[in-house]
Structure formats: structure tokens, C-alpha cells
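What the coordinates show
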Amino acid sequence: MIALVAVLAGCSAETSVAPPTSSSPGTPPDTGSPGPGAFSPLAAAAPAEVATGLDLPWDIAFTSAAAGSTALGSTALVSERDTGRILELDAAGASREIGTVGGIRHGGEGGLLGLAVDAENRLYAYSTGANGNRIERFALTGAAGSLGLGAPATIVDGLPAAGIHNGGRIAFGPDGMLYAGVGDAGMRPSAQDLGSLGGKILRMTPDGAVPADNPFASSLVYSYGHRNVQGLGWAADGTMFASEFGQNTWDELNIIEAGGNYGWPEVEGLAGAEGFIDPVQQWAPAEASPSGLAVIDDTVFIANLRGGVLRAVPVADPATSRDYFTGEFGRLRTVAAAPDGSVWFLTNNSGGQPAGDRIMSVRLAA
């Protein structure tokens, strides 16, 4: 059974709490056009609308025309947290439902969360069900513009779930393995317990098996000591980045090492404590709540909920950052690399309001 945990005042993602009086160094404001040679990964052009009228969208994934199924093309798929719907977008940004993930227990931060597409154009979805959070795989049927969702195959089930800290981000790494961020579900000690899958980043084969080279024998655990990982991505050299919601003090950007312990709940943010890996950058929760993450052209782009900002971090100097669109679009849930080379980000404001949420696109700088 899912533990129904009350939303805590310290949850940086979904609640409004007083920000700390201190702030993280190396986090400049959105200051417009920088001087010559300054870090400026996005073009000066205003973002363009890709799609509108979405209902609490959570993630974006793309099929690949190069994956042996040209009928699918490079189609954008979008998850809606509370409705359980998976949508496909056409070239004009119109959306249509391709199917609904069944058995979802939504409420609080649970529901239909992350999406990922594998090398065979099969769709994976992370969602909250009757027995906890789970990852299911679906065949995509039909062709672009008329896609359908095949029957689910459960890859992993029984992941810790609650009204808070469900994690939910899934992504395929450059090694072909599926990675998943699993929150602590409000049960803090689980993050340090290697016998629990809560408060972890998991690594598995596309069928849900434990890879032989995982850091802990016979375990899906790849790294631990996490509160609520929300973004996963890899640089061209294989460096793995993860964004994470903190409690009341610091949100984090981490570089993930196999078998690494990232400290929660013993430490939060930069602590310099023996045995724990410090984040490469931290932010006060009111400025951040770092959600989805994508590494594009040597830049880590992070969508922020409470901060209402698209944050850009250079891979070569991850202790620095530049902010874009501060407060212009409200809460930003995720960011993705679109097949045309642009950066997409989606808002997460609607909660069933008629105007709905939208996806925006912005060009990279030349």
C-alpha cells in the first residue's frame, strides 16, 4: 500500500516556504546580454510556443526516426501527471491522446511522471500505482499522427511512493541502461539504507534486470543518499548530472558517481563531510526547486519550479550558472533537447485551469 504522507512545509517543489536568508555563490541573475566571451548558450530571440492547453504536463520524450521505425518519425510524447494521459504532438503543436496509463493513484506529487524512449522506440513510463511507484514499458503502435499505446509490461514495481518525494525522472544513459530517480517518499532514513530503493538513483537493463557492473551486487542501486532526484542527463564525455530538491536550505546539482553517497538526510548542500559527495552547485529553494534537466551542447539546462527560471550551467564549469526567463512563464517542470536542435521547456501551472500549460521552444546561440 502507498503511504499517504502529508505534504511537509519543507517541500521545495510544491509548497511556498520562506526562503533562507543566505544564497549560493556563483548564481548570477538574468542580466540580459552578457559581455564578450561570457557564458550565453541561448540565442537572444524570444521563446516560441510549441503547444498549449496541456493539463499539468510532467515530461517530454521523443521517438527517433533512426531507431528502425521510420513510421514514428521524431515524434514528441508528453505525460500529464493527474490525467494519466500520454499525448503526441504534431508539427503544428496540436496534441492527441495515444493512450492512458492505467491504475494510477494520483495525489500530491504522485501520478504519471517521467517518460523515456529506448533504442527500439519503446516507451517507458514512471507512475504511481496501487503497490507504489513503478516503471512500465509500452510498444508504440501505428504511425506518427495516429500513434497508439500497446499493453503495459512492468519493468520494476513496488518503489516507495507517497504524496511527496516520488522522484519520477527516467532516462537512458549512453551505456544503454535505464536510470531512474526514486524519492525518499518522506521516509528520510531510507536514503542511507542500501536495502531500500527509496532515496536512490537506480540503474537497470531495458528489461528491469540488475546490470552485472552495478556498484552493489544484485542491487539496482547506482547512487544513494538522495532526497528527491528530479533531473538526469549526461555530457558528451559521459559525466552524469542530477538535479535534486532539498529541504529548507539547499537544492542541488550533483555529478553522479557509481556507488556514491550524496548525504541525505545527514547533510544538505555543500557540507565537506567525510564519506559524502558534495553538490557542484546549490541554490536556496525559493530560487530553484530544480526539476527536469537536459545536457545540450556542453550546457546543463535545468527547469525550476519555485524559481520560475530556466537555468544554464556550463559542463566545463558547473559551479557557475546563468538564468533565463525569470518569472516569465511561472513554474517550469522539465526541459528537453528537441530533434531540430532547439531547447524545449514546459510549464507546470495549470492544475486543470482552462488555459492549461504550454511547451516553449528557444534556439541555441550560434
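Residues numbered from 1 in each chain as written. Predicted model: local features only at pLDDT ≥ 70, side-chain atom pairs only at ≥ 80, totals over all residues. Heavy atoms only, no water.

Topic: the overall build of the chain
Note the cut-off: In this text, helices come from DSSP runs of H or I with a minimum length of four residues, and strands from runs of E with a minimum of two, each type numbered from the N-terminal end. Only protein chains enter the accessibility calculation, which uses a 1.4 Å probe; a residue whose area is less than 20% of its type maximum is buried, one above 50% is exposed, and one in between is partly exposed. Should any heavy atoms of two residues lie within 4.5 Å, those residues are considered in contact. All accessible-area figures derive from a Shrake-Rupley calculation using a 1.4 Å probe, and residue coverage is judged against the displayed protein chains alone.
Helix and strand content of the chain: zero helices and 26 strands. Within the span of the chain, comprising 366 residues, buried residues form 57% of the whole. In the chain, 56% of the contacts between residues at least 6 apart in sequence involve partners at least 24 apart. Just so you have it, the chain exposes about 13600 Å², and 52% of that area is on carbon and sulfur atoms.

Considerations on the layout of surface pockets
Going by this rule: With a 1 Å grid spanning the protein atoms alone, the term cavity applies to any set of points in which a 1.4 Å probe fits but cannot get out, the term pocket to an open set with protein on both sides within 12 Å along at least five of seven lines, and the term lining residue to any residue with an atom within 4 Å of a point. Grid points are joined across faces, edges and corners, and a volume is the space filled by probe spheres set on the points. Under the grouping applied here, Gly and all other residues not named as nonpolar or charged are polar, the nonpolar ones being Ala, Val, Leu, Ile, Met, Phe, Trp, Tyr, Cys and Pro and the charged ones Asp, Glu, Lys and Arg.
Estimates place the volume of the largest pocket at around 780 Å³. What lines the largest pocket is a set of 31 residues, and nearest its centre among them are Ile60, Ala171, Phe172, Leu232 and Trp234. Those elements that place two or more of their residues in the lining of the largest pocket are strand E2 (57–62), strand E6 (112–117), strand E12 (170–172), strand E16 (229–234), strand E20 (290–296) and strand E24 (332–337). For the lining of the largest pocket, the per-class residue count stands at 21 nonpolar, seven polar and three charged.

Here's the deal with empty space enclosed by the protein
Applying the stated criterion across every chain, the model contains two cavities of 30 Å³ or more. In this structure, the second largest cavity encloses a volume near 50 Å³. In the lining of the second largest cavity, the residues fall into five nonpolar, two polar and four charged.

Details of the sheet that holds strand E15 (residues 221–224)
Sheet strands pair via backbone hydrogen bonds, and the direction of the pair is either parallel or antiparallel. Defined as follows: Between any two strands, pairing holds if DSSP finds at least two bridges. Only C-alpha atoms enter the line fits that serve as axes; for helices the fit covers just the stretch in contact. Angles between N-to-C directions range over 0 to 180 degrees.
Here four strands make up an open sheet; going across it, the order is E12-E13-E14-E15 and the pairing antiparallel. Looking along the sheet, the strands with just one partner apiece sit at the ends: E12 and E15. Shown here is a sheet whose adjacent strand axes are inclined to one another by a mean of 20 degrees, direction ignored. By the bridge criterion, three bridges tie E12 to strand E13 (residues 178–182) in an arrangement that is antiparallel. Looking at E13, one finds that isoleucine 170 is bridged to alanine 180.

Re the nonpolar core
Soluble globular proteins: nonpolar side chains tend toward being buried together. To be explicit about the condition: The definition of a nonpolar core used throughout is a set of buried Ala, Val, Leu, Ile, Met, Phe, Trp, Tyr and Cys residues joined through side-chain atoms within 4.5 Å.
Tyr124, Tyr126, Ile135, Ile170, Leu178, Leu202 and Met204 are the most contacted members of the largest nonpolar core, which has 19 residues in total. Beyond its immediate stretch of four places on either side in the chain, methionine 204 contacts Ile135, Ile155, Val156, Met177, Leu178, Ala180, Ala209, Pro211 and Leu220. Ranked by size, the runner-up nonpolar core spans 17 residues in total, among them Phe329, Leu332, Val343 and Leu364.

Observations regarding the environment of isoleucine 135
Examined against the element boundaries, isoleucine 135 turns out to sit in strand E8 (residues 132–138). Separated by 19 residues in the primary sequence, isoleucine 135 and threonine 154 have C-alpha atoms spaced 6.1 Å apart. In this view, isoleucine 135 contacts Tyr124, Ala125, Tyr126, Ala153, Thr154, Ile155, Val156, Ile170, Leu178, Ala180 and Met204; residues no more than four positions away in its chain are not counted.

Observations regarding unusual backbone geometry
Tryptophan 264 connects to proline 265 through a cis peptide bond whose omega is 0 degrees. In this structure, proline 265 sits in the loop between strand E18 (251–256) and strand E19 (281–283). In this structure, asparagine 121 takes a positive phi of about 60 degrees despite not being glycine. Following the sequence through the fold, asparagine 121 ends up in the loop between E6 and strand E7 (123–129). In this structure, aspartate 297 takes a positive phi of about 50 degrees despite not being glycine.

Some points on the pattern of salt bridges
We apply this condition: By convention in these notes, a salt bridge is any Lys or Arg side-chain nitrogen within 4 Å of a carboxyl oxygen on Asp or Glu.
One pass over the full model with this rule turns up 13 salt bridges. Aspartate 82 is the partner of arginine 81 in a salt bridge, and the nearest nitrogen-oxygen pair spans 2.8 Å. Residue classification places aspartate 82 among the partly exposed positions, given a relative accessible area of 27%. Across the salt bridge formed by arginine 122 and glutamate 120, the nearest N and O atoms sit 3.8 Å from each other. Overall, glutamate 120 belongs to the exposed group, its relative accessible area being 55%. Beyond isolated ion pairs, a larger network of salt bridges with shared partners links Glu80, Arg85 and Glu97.

What to know about the environment of asparagine 348
Summarising the element assignment, asparagine 348 is placed in the loop between strand E25 (343–347) and strand E26 (357–362). Each C-alpha atom, one on asparagine 348 and one on leucine 332, is 5.8 Å from the other, the two residues being 16 residues apart in sequence. Residue contacts for asparagine 348: discarding those within four places in its chain leaves Leu56, Pro57, Leu305, Arg331, Arg333 and Asp357.

Examining the side chain of threonine 75
Keep this limit in mind: In the analysis that follows, any N or O atom pair within 3.5 Å is treated as a polar contact, provided that within protein one partner can donate a hydrogen and the other can accept it, and provided that, for residues neighboring in sequence, both atoms belong to side chains.
Its location among the elements puts threonine 75 in the loop between E2 and strand E3 (76–80). A polar atom in the side chain of threonine 75 sits 2.5 Å from the backbone oxygen of leucine 72.

A closer look at the sheet that holds E24
Pairing in this open sheet of four strands is antiparallel, and the strands run E1-E26-E25-E24 from one edge to the other. Where the open sheet ends on each side, the last strands, each with one partner, are strand E1 (48–54) and E24. The sheet shows a mean angle of 20 degrees between the axes of neighbouring strands, taken without regard to direction. Judged from the four bridges that link them, E25 and E26 form a sheet pairing that is antiparallel. Bridge pairing in E26 places valine 343 opposite valine 362.

Quick notes on the environment of leucine 56
Mapped onto the elements, leucine 56 comes out in the loop between E1 and E2. With relative accessibility at 9%, the residue leucine 56 sits in the buried group. For the pair leucine 56 and glutamine 353, spaced 297 residues apart in sequence, the C-alpha to C-alpha distance is 9.3 Å. In this structure leucine 56 touches Ser79, Glu80, Arg81, Asp82, Asn348, Ser350, Gly351 and Asp357, once residues within four positions along its chain are discounted.

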